[in-house]
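What follows is each chain in one-letter form.
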Amino acid sequence: MSRSSVTPRIARDDDLAGFTAGQFLAVTKALTMILALPPSAADHVDALVIASGQGEEWRFTHAIRSWEANLDLRYLLVANGNPTEKTYVEITLDYLRSLGLRRIDGVHLQAEPAPNTALQAKWIVSQVRDHGITSLALAVSPYHLPRAYLTLLKAFNEVGVRLPIIPVPVAVAPDRLIPETGATAYDLVPGEVKRMLTYTDEGWIATLEELQQYLQWLWSHHEPLLKASSRRFLEHGVTA
């Protein structure tokens, strides 16, 4: 049975009734700490990763703009989606070119279907190992980003690889309708929370403790990366 069939994307309040306050608190802590990492640090990583899905073309256009603007990025990794989704589009260079891709050196596409986030994460790990990637940024819609981040972190933990992973929330309004479901990000958050709680118990995503250990390592070993963009931001100044 697939994970998506076990845990529907849209959950009602009573679907979450069996979980404890402590479990919800753990999810809240994880959400807060992941989304508090500075996305501007993505300007200084080796690779930018797109996790496709749900017919959300904005995941591609957001990341492609960053890829085209930042020539210091060496790799663009595009993880495939679930072909059973009605909005699934085959990921090809021609499709990405239609969305603005011009720089193709360093672009790698996941050829095989990825019916779930774990298979996307497994492919990303293989690309990191194959190409000697030392840091990456993960571009995903905000409602899905924490679970995708924890799934990827778990995949790296399982093979004993540690590297900076910078979360990049895609710029999209939270009330925009998701093509696959016709729901909004607000509607989908409860389902994401239920998946995080369920998948933590199943060992499919990193636990809060694993996340805390990773973030301690990240801040102690890569603080210049996390703060470099902020210093540049302050040096150049901003206007309202």
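Residues numbered from 1 in each chain as written. Predicted model: local features only at pLDDT ≥ 70, side-chain atom pairs only at ≥ 80, totals over all residues. Heavy atoms only, no water.

Examining the environment of Asp43
To keep it simple, the criterion reads: Numbering of helices and strands starts at the N terminus; helices are DSSP runs of H or I of at least 4 residues and strands are runs of E of at least 2.
Take Asp43: it is sitting in the loop between helix 2 (21-35) and strand 1 (47-51). Along the chain, Asp43 and Trp67 lie 24 residues apart, while their C-alpha atoms are 9.5 Å from each other.

With respect to helix 3 (residues 57-69)
Operational definition: Expected span of a helix: the number of residues minus one, times 1.5 Å. Three exposure classes are used, based on accessible area relative to the maximum for each residue type with a 1.4 Å probe and protein chains only: buried under 20%, partly exposed in between, and exposed over 50%. Residue contacts follow a heavy-atom distance rule, with two residues in contact if any of their heavy atoms lie within 4.5 Å.
Compared with an ideal rise of 1.5 Å per residue, which puts 13 residues at 18 Å, helix 3 spans 19 Å between its outermost C-alpha atoms and is within 8% of the ideal. All buried positions along helix 3 are accounted for by Trp58, Arg59, Phe60, His62, Ala63, Ile64 and Trp67. Tucked into the core, helix 3 has its buried residues touching strand 1, strand 2 (75-79), helix 4 (93-98), strand 3 (107-109), strand 4 (136-140) and strand 5 (165-169).

Quick notes on the confidence of the model for the chain
We apply this condition: As a per-residue measure, pLDDT tells how confident the predictor is, with possible values from 0 to 100.
When the pLDDT values of the chain are averaged, the result is 92; 92% of them are 70 or greater. Note that residues 1-5 has pLDDT below 50 and, in this model, 6 contacts with residues that lie over four places away or in other chains. Across residues 230-240 the pLDDT falls below 50, and counting only partners more than four positions away or on other chains, this stretch makes 3 contacts in the model.

Considering the packing of aromatic side chains
Within a pair of aromatic rings, the relevant descriptors are the distance that separates the centres and the angle that separates the planes. Note the threshold: Note on ring pairs: Phe, Tyr and Trp rings are taken, using the six-membered ring of Trp, and paired if centres are within 6.5 Å. Classes follow the plane angle, with under 30 degrees stacked, over 60 edge-to-face and the rest tilted. Note on criteria: charge over ring means Lys NZ or Arg CZ within 6 Å of the ring centre, with the direction from the centre no more than 35 degrees off the ring normal.
Summed over the entire model, instances satisfying the criterion amount to 5 aromatic pairs. Judged by centre distance (5.6 Å) and plane angle (85 degrees), the ring pair of Phe60 and Tyr95 falls under edge-to-face. Of the two residues, Phe60 is situated in helix 3 and Tyr95 in helix 4; the sequence distance between them amounts to 35 residues. Accessibility assignment for this pair places Phe60 and Tyr95 in one class, buried. The rings of Tyr149, Tyr214 and Trp217 are connected pair by pair, giving a single aromatic cluster. Sitting over the ring of Trp67, Arg103 keeps its end group 3.6 Å from the ring centre.

Section: the pairing of strand 4
Sheet faces and side chains relate simply in a regular strand, where the side chains alternate between the two faces. Stated precisely, the cut-off is as follows: For two strands to be treated as a pair, DSSP must find no fewer than two bridges joining them. Crossovers are marked right-handed if the path from the first strand over the helix to the second runs clockwise, as seen with the strands pointing away from the viewer.
Taken across its 5 residues, strand 4 has 5 buried, putting it largely inside the fold. By the bridge criterion, 4 bridges tie strand 1 to strand 4 in an arrangement that is parallel. Within the sheet, the bridge partner assigned to Ile50 lies in strand 4 and is Ala139. Where strand 4 lies against strand 5, 5 bridges are found, and the strand directions are parallel. What sits directly across from Ala139, in strand 5, is Val168. Assessed by its sense of winding, the connection that carries the chain from strand 4 through helix 6 (residues 145-158) to strand 5 is right-handed.

Some details on the sheet that holds strand 2
Rule in force here: Axis angles are defined between N-to-C directions and span 0 to 180 degrees, where every axis is a line fitted to C-alpha atoms and, for a helix, only to the segment in contact.
One open sheet accounts for 5 strands, arranged 3-2-1-4-5; its pairing is parallel. Sheet topology places strand 3 and strand 5 at the edges, where each strand pairs with a single neighbour. With strand direction ignored, the average angle separating the axes of adjacent strands in the sheet is 20 degrees.

Structural notes on the packing of helix 6 against helix 7 (residues 185-202)
Quick note on the threshold: By the definition adopted for this analysis, an angle is roughly parallel if under 35 degrees, roughly antiparallel if over 145, roughly perpendicular if from 65 to 115, and oblique otherwise. For any pair of crossing helices, the crossing counts as left-handed if the nearer helix is rotated counterclockwise from the farther one by less than a right angle, and right-handed if it is rotated clockwise.
Direction vectors running N to C along helix 6 and helix 7 enclose 20 degrees, while the axes themselves pass 9 Å from each other. Here helix 7 runs roughly parallel to helix 6, going by the angle between their axes. Crossing geometry of helix 6 relative to helix 7 is assigned as left-handed. Between helix 6 and helix 7, the contacting residues are Pro146, Arg147 and Leu150 on the first element and Glu192, Arg195, Met196 and Tyr199 on the second.

Examining helix 5 (residues 117-131)
Which entries qualify depends on this criterion: Two N or O atoms count as a polar contact when they lie within 3.5 Å, although within protein this holds only if one can serve as hydrogen donor and the other as acceptor, and sequence-adjacent residues are included solely when both atoms are side-chain atoms.
Between its first and last C-alpha, helix 5 extends 21 Å over 15 residues, near the 21 Å set by a 1.5 Å rise per residue. Taken together, the buried positions of helix 5 are occupied by Thr117, Gln120, Ala121, Trp123, Ile124, Val125, Gln127 and Val128. Tucked inside the fold, the buried residues of helix 5 contact strand 1, strand 2, strand 3, strand 4 and helix 6. N-capping of helix 5 is provided by Asn116, with a side-chain oxygen placed 3.1 Å from the backbone N of Ala118.

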